[in-house]
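Results of the structural survey
Take a look at the letters that make up each chain.
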Amino acid sequence: MNSFIIKHTMSIGSQVSRCALRMGSWLPLVKNPHRATWELVRVCHSGPAAVHPTKTPTIKKRGYDITRNPQLNKGMAFTLEERLQLGIHGLLPPCFLSQDVQVLRVMKSYETKSSDLDKYIILMTLQDRNEKLFYRVLTSDIERFMPIVYTPTVGLACQQYGLAFRRPRGLFITIHDKGHIANMLNSWPEEDIKVRIIIVTPGQDDSPSWTASVAVAGLLAALRITNNKLSDHKFVFQGAGEAAMGIAHLIIMAMEKEGIPRDEAIKKIWMVDSKGLIVKGRGNLNHEKEMFTHDHPPVKTLEEAVEVLKPTAIIGVAAIGGAFTEKILKNMAAFNKRPIIFALSNPTSKAECTAEQCYQLTEGRGIFASGSPFSKVTLSNGQTFYPGQGNNAYVFPGVALGVIACGVRHISEDIFLTTAEAIAEDVTEENLAEGRLYPPLSTIREVSFKIAVKIVDYAYKNNLASWYPEPADKEAFVKSLVYSPDYDSFTIENYKWPENAMQIQDV
């Protein structure tokens, strides 16, 4: 099914697009400075200079509508003054809770659930009634909740959608609605919320640019372990679809940035599809695959390709579980001091190998990244590794914030390479020593912020920005747009006139 989802908070993952529904959630990044509501990516149309966040938002809704609007509802965190002024006193239990206490209550309910799907339902139900509290819970321990709201649980939630359904969220558009999408957009119920970012995926692989950016970020971080350049490596891809092509093209761009001619960079990339190694003379190759054909005898399997080509890096993006066999992993360890092994397919059942298989069969020398999360691995010699997950969530929130903040109208591949470089720069030496090729997920909001600042800076330097004047302090400017899960105060502004101005005239 070729479909996409529109929502004021960002949709996540290819599983979402295949189901034509918004099942996942991500951290909204930009606040609307002129409304009571908050949204994923929102900037004033007059540009950066006009962005002035208000301390007390003005809302027109009152009474029952307040408590049923997840963007406004604070549950029992409404003060008595707010309840009286908003006309909701009596509609809530006579108790007042801080947001911190609400988080503890949610956690207590969450911890009673044993299955990941039930935990997912708890969180999505919370989002349906109180978005601020949902994001406060999510940001309290991102590493804990990410596998629940994203890979791998979101895939299960799509498969079990009929059982998990509580209420529709977002706008559902399918291929059958072609030619009528404008009319469907008019169905969007919120006048004060405008969609600024749409994530479109082809329904099979992730949107290639997101995947490419996070994969190249991992490779750039890996270079600090191998102590050489991208152009010193030979890459073999398991798979030659959109994801593989996206990664390959971004690798080529990175090599060109190192000073390697494009033709030379292409020669360092080999691809294996369902019919074997892509070589010159093989028939029925599309234009994209033709670019990566090389003079070489036919090779039927990935095992044989690895054996004869002796690559320094293998990248799996074909969703064939177990494709990186014991023989392949041992050969990679035999050919290389530090073999790069990226098993990027997800869900977990489609991973080319597990983290444990990689570390065990390469004697702890493999530089591993995966598309799905894996638990830490401890070898018999006591070495412990924390596998790096090439999670697209490292990419699209920061990119979205950056391009919207300065009004970029076309997201070029250069922006995705800039993003990859920013992610890799945030990987510390301690992270690398633990086997991490990506920053800990607990820092993902900080990483997203840095990506956004780099994109804003890049956009103004390369005349890609639309909003002017250019902000003098880009960090402060971007920070002013970042979403906060803290509750707003809805008390109505109260003031008095001078006594003589308020005198009542009588007959």
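Definitions and limits used
- Residues numbered from 1 in each chain as written.
- Predicted model: local features only at pLDDT ≥ 70, side-chain atom pairs only at ≥ 80, totals over all residues.
- Heavy atoms only, no water.
- Pairing = 2+ DSSP bridges.
- Helix = DSSP H or I, 4+ residues; strand = E, 2+ residues; numbered from the N terminus.
- Buried < 20%, exposed > 50% of the residue type's maximum accessible area, 1.4 Å probe, protein only.
- Contact = heavy atoms within 4.5 Å.
- Axes fitted to C-alpha atoms, helices over the stretch in contact; angles between N-to-C directions.
- Parallel < 35°, antiparallel > 145°, perpendicular 65-115°, else oblique.
- Left-handed = near helix turned anticlockwise from the far one by under 90°.
- Nonpolar A, V, L, I, M, F, W, Y, C, P; charged D, E, K, R; others polar.
- Right-handed = clockwise from strand over helix to strand, strands pointing away.
- Polar contact = N/O pair within 3.5 Å; in protein donor to acceptor, adjacent residues only side chain to side chain.
- Core = buried A, V, L, I, M, F, W, Y, C linked by side-chain atoms within 4.5 Å.

Take the sheet that holds strand S4 (residues 235-238) next. Sheet architecture is open: 7 strands sit in the order S6-S5-S4-S7-S8-S9-S12, paired in mixed fashion. The open sheet has two edge strands, strand S6 (276-277) and strand S12 (388-389), and neither has a second partner. Bridge count for S4 against strand S5 (residues 269-273) is 4 bridges, and the pairing is parallel. Considered in S5, the bridge of Phe 237 is made with Met 271.

This part is about the side chain of Asn 331. Looking at the secondary structure, you find Asn 331 in helix H16 (residues 326-335). The buried category is assigned to Asn 331, whose relative accessible area is 17%. Setting aside chain neighbours within four positions, we find Asn 331 in contact with Val 306 and Glu 307.

Moving on: the packing of helix H19 (residues 413-425) against helix H21 (residues 444-461). Direction vectors running N to C along H19 and H21 enclose 140°, while the axes themselves pass 9 Å from each other. For the element pair H19 / H21, the angle class is oblique. Considering how the two elements wind past one another, H19 and H21 form a crossing that is right-handed. Counted together, Asp 414, Ile 415, Thr 418, Thr 419, Ala 422, Ile 423 and Glu 425 of H19 and Val 447, Ile 451, Lys 454, Ile 455 and Tyr 458 of H21 form the full contact between these two elements. Of the residues contributing to the contact of H19 with H21, the split by class is 7 nonpolar, 2 polar and 3 charged.

Residue placement: Arg 196 occurs in the loop between helix H10 (181-185) and strand S3 (199-200). Given a relative accessible area of 26%, Arg 196 falls into the partly exposed group. Residues Arg 196 and Ile 404, spaced 208 residues apart in sequence, show a C-alpha to C-alpha distance of 7.5 Å.

Next up on the list: the pairing of strand S9 (residues 367-370). Taking every second residue as pointing to the same face, both faces of S9 are buried, with Ile 367 and Ala 369 on one and Phe 368 and Ser 370 on the other. Sheet topology places strand S8 (residues 340-343) next to S9; 4 bridges connect them, and they run parallel. Residue pairing in the sheet places Phe 342 in a bridge with Ala 369 of S9. Handedness of the crossover joining S8 and S9 through helix H17 (residues 355-361): right-handed. Relative to S12, S9 runs parallel, the two sharing 2 bridges. Looking at S12, one finds that Ala 369 is bridged to Gly 388.

This part is about helix H6 (residues 131-140). Counting buried residues along H6, 7 of its 10 residues qualify, which places the element largely inside the surrounding structure. Along H6, the residues that are buried comprise Glu 131, Lys 132, Leu 133, Phe 134, Tyr 135, Val 137 and Leu 138. Check the buried side of H6 and you find it contacts helix H4 (99-110), helix H5 (116-129) and helix H7 (142-149). For H6, the N-terminal capping position is held by Asn 130, with its side-chain oxygen 3.4 Å away from the main-chain nitrogen of Lys 132.

With 88 residues, the main nonpolar core has Phe 235, Phe 237, Ile 251, Met 271, Ile 315 and Leu 437 as its most contacted residues. If one sorts the elements of this core by residue count, helix H11 (residues 208-226) sits on top with 12 residues. The residues contacting Phe 237, other than those within four sequence positions of it, are Ala 244, Ile 247, Ala 248, Ile 251, Ile 269, Trp 270, Met 271, Val 272, Ile 315 and Val 317. Val 272, Val 306, Leu 309 and Ile 341 belong to the second largest nonpolar core, which has 27 residues in total.

This part covers the packing of helix H15 (residues 302-309) against H16. Relative orientation of the contacting elements H15 and H16 amounts to 10°, with a least axis distance of 10 Å. Considering their axes alone, H15 and H16 lie roughly parallel with respect to each other. For the pair H15 and H16, contact is made by Leu 302, Glu 303, Val 306 and Glu 307 and by Lys 327, Ile 328, Asn 331, Met 332 and Phe 335, respectively. Broken down by class, the residue content of the contact of H15 with H16 amounts to 5 nonpolar, 1 polar and 3 charged.

Okay, the pairing of S8 next. Of the two faces of S8, the one holding Ile 340 and Phe 342 and the one holding Ile 341 and Ala 343 are both buried throughout. Bridge analysis of strand S7 (residues 313-316) against S8 gives 4 bridges, and the strand direction is parallel. Residue pairing for S8: Ile 314 is matched across the bridge by Ile 341.

Any functional reading would require information that these geometric values do not contain.
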